[in-house]
Amino acid sequence: MCLDVRITCTCGKHTVQMHLRDNVMTREVLVALFCPQCSRGVAMDGQTTLNDNDWVIQYDLDLARFLAAARLQLPPDAVDPAFLFDSGYATWQEMYPGEQHDILAERREIMALLAADPAGYLRQISSWNIARVEQLKADGWRKARNA
């Protein structure tokens, strides 16, 4: 069972759903979230923070390393913000914050094809998804680049 983990950025304007793969990490690993507006001036130390298109996640690396050692038998030096994010242990639920909201209208149009033209729907949804991921890569979203 996966937990529904949501975190609000420090300015309070955005709440983001996070994914904690296999529940290895706990909510407490996520110390703070900074949206592009509230991330201005945030010190990026690379030891506890990760920047994804001006969204900054701050992690409790001591806790993350403890949990990774206990649950994954990983050495502490193998755990850093990039590992947590890129391996899915503490990352966006979506490709980027707000993705589900952004794509509702586009998906609704394609879904309308399902009843009328199932084969056309499959072609359309596949090409749409491939194009979206390519655009997200070009936009610099980390999960898309690693997809």
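Residues numbered from 1 in each chain as written. Predicted model: local features only at pLDDT ≥ 70, side-chain atom pairs only at ≥ 80, totals over all residues. Heavy atoms only, no water.

Counting its regular elements, the chain contains six helices and six strands. In terms of overall dimensions, the chain has C-alpha extents of about 55 × 35 × 25 Å along its principal axes. Within the chain, buried positions represent 37% of all 147 residues. Long-range contacts, defined as pairs at least 24 residues apart, comprise 56% of the intrachain contacts of the chain with a sequence gap of at least 6. If you sum the accessible surface of the chain, you get close to 8400 Å²; carbon and sulfur atoms cover 52% of it. (Helix = DSSP H or I, 4+ residues; strand = E, 2+ residues; numbered from the N terminus. Buried < 20%, exposed > 50% of the residue type's maximum accessible area, 1.4 Å probe, protein only. Contact = heavy atoms within 4.5 Å. Areas by Shrake-Rupley, 256 points an atom, 1.4 Å probe, with all protein chains shown as cover.)

Another point: the environment of Ala70. Mapped onto the secondary structure, Ala70 falls in helix α1 (residues 61-72). Between the alpha carbons of Ala70 and Val24 there is a distance of 9.3 Å; along the sequence they are 46 residues apart.

Let's shift gears to helix α3 (residues 99-111). For α3, spanning 13 residues, the distance from its first C-alpha to its last is 17 Å, which sits close to the expected 18 Å at 1.5 Å a residue. Bending of α3 peaks at approximately 40° at the position of Ala105. Three or more residues of α3 are buried, namely Glu99, Ile103 and Ile110. Buried residues belonging to α3 abut α4 (113-116) and α5 (118-139). (Expected span 1.5 Å × (residues − 1). Bend = angle between axes of the 7 residues up to and from the residue.)

Strand pairing in a sheet relies on backbone hydrogen bonds. The paired strands run either parallel or antiparallel. One open sheet accounts for three strands, arranged β3-β5-β4; its pairing is antiparallel. With one partner strand each, in any of the chains shown, β3 (30-34) and β4 (49-52) form the two edges of the open sheet. Sheet twist, expressed as the mean angle between neighbouring strand axes with direction ignored, is 15°. Of the pairings in the sheet, the one linking β4 to strand β5 (residues 55-59) comprises four bridges and is antiparallel in character. Pairing of Leu50 across the sheet is with Ile57, part of β5. (Pairing = 2+ DSSP bridges. Axes fitted to C-alpha atoms, helices over the stretch in contact; angles between N-to-C directions.)

Position of Ile130 relative to the elements: it lies in helix α5. Along the chain, Ile130 and Ala116 lie 14 residues apart, while their C-alpha atoms are 23 Å from each other.

Turning next to α5. The terminal C-alpha atoms of α5, which comprises 22 residues, lie 31 Å apart, in line with the 32 Å expected from a rise of 1.5 Å per residue. Listing the buried residues of α5 in full gives Gly120, Tyr121, Ile125, Trp128, Arg132, Val133 and Leu136. Of the surrounding secondary structure, the elements contacted by the buried residues of α5 are α3, α4 and α6 (142-145). The first or second residue beyond α5 is Gly140, which carries a positive phi of 95°.

Before going further, it helps to spend a moment on the pattern of salt bridges. Taken as a whole, this structure holds four salt bridges when the rule is applied. Ionic pairing is found between Arg142 and Asp86, a salt bridge with its closest N-O pair at 2.7 Å. Of this pair, Arg142 sits in helix α6 while Asp86 sits in helix α2 (residues 81-86), and the two are 56 residues apart along the sequence. Given the relative accessible area of 17%, Arg142 is considered buried. Here Asp86 falls in the partly exposed class, since its relative accessible area comes to 38%. Linking Lys137 and Glu134 is a salt bridge whose minimum nitrogen-to-oxygen distance equals 3.6 Å. Taken as a pair, Lys137 and Glu134 lie in helix α5 at a separation of three residues, close to a single helical turn. (Salt bridge = Lys/Arg side-chain N within 4 Å of Asp/Glu carboxyl O.)

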